[in-house]
Amino acid sequence: MNKTAQIKKNHQLIKLRKLVIVSILIGFLSAFLGISLKKITEYYEEIFFHEVSVHPIFYIVFPVFGLSVIYFLRQYLFKKKENKGIKEVFESTASKSKNLPSYKIPSHFINGLLTVIFGGSTGIEVSTVVATATIGSVAHEKENVFRQYKTELICAGVAAGVTALFSSPIAGVLFAFEVISRKVTRAFVISNLIAVSIAFGLLTILKEEPLFAVSITTWHLKAIPYFILLGILAGMNSVYLTRCVLFFKSQFGKIDKHYYKIIIGSAVLSISLFFFPQLYGEGYHAIKGIFGNAHQAQLTITLALTFIGILILKPIVTSITLASGGDGGVFAPSLFIGAFLGLLLASILNSFFHVNVIPINFMIIGMAAVLSASIHAPFTAIFLVCGLTNDYTLFFPILAVCLISKYTAKTIYPYTVYSYSPSLVK
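Residues numbered from 1 in each chain as written. Predicted model: local features only at pLDDT ≥ 70, side-chain atom pairs only at ≥ 80, totals over all residues. Heavy atoms only, no water.

Trainee: For a nonpolar patch on the surface, give the residues involved together with the corresponding values.
Mentor: A cluster of nonpolar side chains, Leu 221, Ile 224, Ile 228, Ile 232, Met 236 and Ile 412, forms an exposed patch at the surface whose accessible area comes to about 530 Å². Tallying contributions element by element places helix H9 (residues 224–252) first for the nonpolar patch, with 4 residues. Look at Ile 412 and you get partly exposed, because its relative accessible area is 48%. (Patch = residues over 30% accessible without salt bridge, like charges linked within 9 Å, V, L, I, M, F, W, Y side chains within 5 Å. Areas by Shrake-Rupley, 256 points an atom, 1.4 Å probe, with all protein chains shown as cover. Salt bridge = Lys/Arg side-chain N within 4 Å of Asp/Glu carboxyl O. Helix = DSSP H or I, 4+ residues; strand = E, 2+ residues; numbered from the N terminus. Buried < 20%, exposed > 50% of the residue type's maximum accessible area, 1.4 Å probe, protein only.)

Structure below.
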């Protein structure tokens, strides 16, 4: 009896050691992929955005070229296999037999990069999530001992990838839990903590700086009613984003010829980018720009109309980018919308009601609030945005506003772009 117990204990130890080793490997590979994609995208997006600023003709050339190259790569390099985004990850974790094939690593890496650098109004986050989830999925297939840890290893890849993008290991683990796994097992804790530790260690070695260098000093209790208003508005905007994505994907799905999708998509993109260059790519360059001018920004009619135009157009342009073949998701668009929404609300309050709120606070809280409502993951949004700025001064107002925005969005429309399925609403 003791011998049987000892054999069982040894077997468990061997499984644990293998889980630790594979988690280290997944963490390193996922972080390396995430950091590489982020760096390459930032580098070329800056170059191409400078080119369109100098030569506006590229507003027409880049979108049609980018979407066409992605189409031909899918047709001939990736053998007509469609990328369905993060839903592929859900399908894989929900099925014992369905795995993420290894081609999804280069497919999402290349297509995500091409979409953003050529002006597609989305981000590389979902491309990174699917590619790193695939690393976890491939690892789970390599040894029989990992068969029962499929979801945990996929989550480990995703958590490391999110950590690499946003410099927040807590956000990585929370995203894996809130959005993908929805349950915590011992294997989940071990694999995900190891993977994000490796990812964060790599970021530290490479001396990665926070994406947004902003100075947050304090927040005031008198701003709480306005934070609540921001949460409600963020929830409403997130529903608008979600409905836009679902509507345009549905409409473009009715178009048989893919080159029609490319022509329509690139035409809408080109015109929108020409009038609102802030919509180019991820839009982080635009967020950095308004962070720099937030304190001295005076709300004029022109500025207000620009902000309103951006808030109306961004969900449409993002949706059309995705519907016409671009690779990406709602992460970066949510952060973008939240920043502009927060600054617009703060500017209105200060200009017309003389409330004297701090615009940068509203921008940061707005970013977290729209993301929370868009993916129904408030705790991911909190730590992700705090990681982006490397500052936790606004933690409590962000927490409150993220919960308000999520439940406002769920009350208006119960689905996200991840959870929606036509069968659910029939």
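Structure shown, so let's carry the discussion forward.
Trainee: Give a description of the packing of aromatic side chains that names residues and reports values.
Mentor: Under the defined criterion, the tally for this structure stands at 30 aromatic pairs. With 5.6 Å between their ring centres and 70° between their planes, Phe 62 and Phe 118 make a pair best called edge-to-face. Of this pair, Phe 62 sits in helix H2 (residues 58–77) while Phe 118 sits in the loop between helix H4 (104–117) and helix H5 (125–142), placing them 56 residues apart in sequence. Ring centres of Phe 383 and Tyr 392 lie 6.3 Å apart, and the angle between their planes is 55°; on these two criteria the pair is classed as tilted. Relative accessible area serves as the criterion here: at 16%, Phe 383 is assigned to the buried category. Note on Tyr 392: relative accessible area 40%, which makes it partly exposed. Among the aromatic residues, those joined into a ring-pair cluster are Tyr 43, Tyr 44, Phe 48, Phe 58, Phe 62, Phe 65 and Phe 118. Directly above the aromatic system of Phe 336 lies the positively charged group of Lys 314, at a separation of 4.6 Å from the ring centroid. (Phe/Tyr/Trp six-rings, centres within 6.5 Å; stacked < 30°, edge-to-face > 60°. Lys NZ or Arg CZ within 6 Å of the ring centre and 35° of its normal.)

Trainee: Quick one: what's the story with helix H12 (residues 301–323), residue by residue and with numbers?
Mentor: If you check H12, its first and last C-alpha atoms are 33 Å apart, about what 23 residues at 1.5 Å a residue would give, namely 33 Å. A bend of about 35° at Leu 313 is the largest found in H12, and the proline Pro 315 appears one to four places after it. Count one or two residues on from H12 and you reach Gly 325, which has phi positive near 115°. (Expected span 1.5 Å × (residues − 1). Bend = angle between axes of the 7 residues up to and from the residue.)

Trainee: Explain the nonpolar core to me, using residue names and the numbers behind them.
Mentor: One finds Phe 175, Leu 384 and Tyr 418 to be the most contacted residues of the largest nonpolar core, which totals 128 residues. Counting residues per element, this core draws most heavily on helix H13 (residues 331–352), at 13 residues. What Tyr 418 contacts, discounting residues up to four positions off in sequence, is Ile 86, Lys 87, Phe 90, Val 126, Val 179, Val 330, Phe 331 and Ile 375. The next biggest cluster of nonpolar side chains, apart from the first, holds 7 residues, and it includes Val 239, Ala 373, Tyr 413 and Tyr 415. (Core = buried A, V, L, I, M, F, W, Y, C linked by side-chain atoms within 4.5 Å. Contact = heavy atoms within 4.5 Å.)

Trainee: Which residues make up the side chain of Ser 127, and what are the values?
Mentor: Here Ser 127 lies in helix H5. Note on Ser 127: relative accessible area 0%, which makes it buried. Polar side-chain contacts of Ser 127 include one of 2.5 Å to the side chain of Asp 327. Every residue in contact with Ser 127, bar those within four places of it in the chain, is listed here: His 108, Gly 112, Asp 327 and Gly 328. (Polar contact = N/O pair within 3.5 Å; in protein donor to acceptor, adjacent residues only side chain to side chain.)

Trainee: For the packing of helix H15 (residues 378–389) against helix H16 (residues 395–412), give the residues involved together with the corresponding values.
Mentor: Where H15 meets H16, the axes come as close as 9 Å, and the angle between the chain directions of the two elements is 140°. Regarding the angle of H15 to H16, the classification is oblique. The element H15 and its partner H16 pack so that their crossing is right-handed. Judged by residue contacts, Pro 378, Phe 379, Ala 381, Ile 382, Phe 383 and Cys 386 of H15 engage Phe 395, Ile 398, Leu 399, Cys 402, Leu 403 and Lys 406 from H16. By residue class, the composition of the contact of H15 with H16 is 11 nonpolar, no polar and 1 charged. (Axes fitted to C-alpha atoms, helices over the stretch in contact; angles between N-to-C directions. Parallel < 35°, antiparallel > 145°, perpendicular 65-115°, else oblique. Left-handed = near helix turned anticlockwise from the far one by under 90°. Nonpolar A, V, L, I, M, F, W, Y, C, P; charged D, E, K, R; others polar.)

Trainee: So what's going on with the packing of helix H10 (residues 258–275) against H12? Which residues, and what values?
Mentor: Where H10 contacts H12, the axes come no closer than 9 Å and their chain directions differ by 150°. For the element pair H10 / H12, the angle class is roughly antiparallel. In terms of crossing hand, the pair formed by H10 and H12 is left-handed. On H12, the residues touching Lys 261, Gly 265, Val 268, Leu 269 and Ser 272 of H10 are Leu 313, Val 317, Ile 320, Thr 321 and Ala 323. Class assignment for the residues of the contact of H10 with H12 results in 6 nonpolar, 3 polar and 1 charged.

Trainee: Mind laying out the pattern of salt bridges, listing which residues take part and the relevant values?
Mentor: If you walk through the whole model with that rule in mind, you get 5 salt bridges. Linking Glu 208 and Lys 39 is a salt bridge whose minimum nitrogen-to-oxygen distance equals 3.0 Å. A residue pair is termed long-range when its members are at least 10 positions apart, and Glu 208 in the loop between helix H8 (186–205) and H9 and Lys 39 in helix H1 (residues 2–54) qualify at 169 residues. For Lys 39, a relative accessible area of 40% translates into the label partly exposed. Residues Asp 327 and Arg 74 are paired through a salt bridge, measuring 3.5 Å at the closest nitrogen-oxygen approach. In this pair, Asp 327 is assigned in the loop between H12 and H13 and Arg 74 in helix H2, connecting sequence segments 253 residues apart. Exposure class is identical for Asp 327 and Arg 74. Each is buried. Each of Lys 38, Lys 39 and Glu 208 takes part in a single network of salt bridges with overlapping partners.

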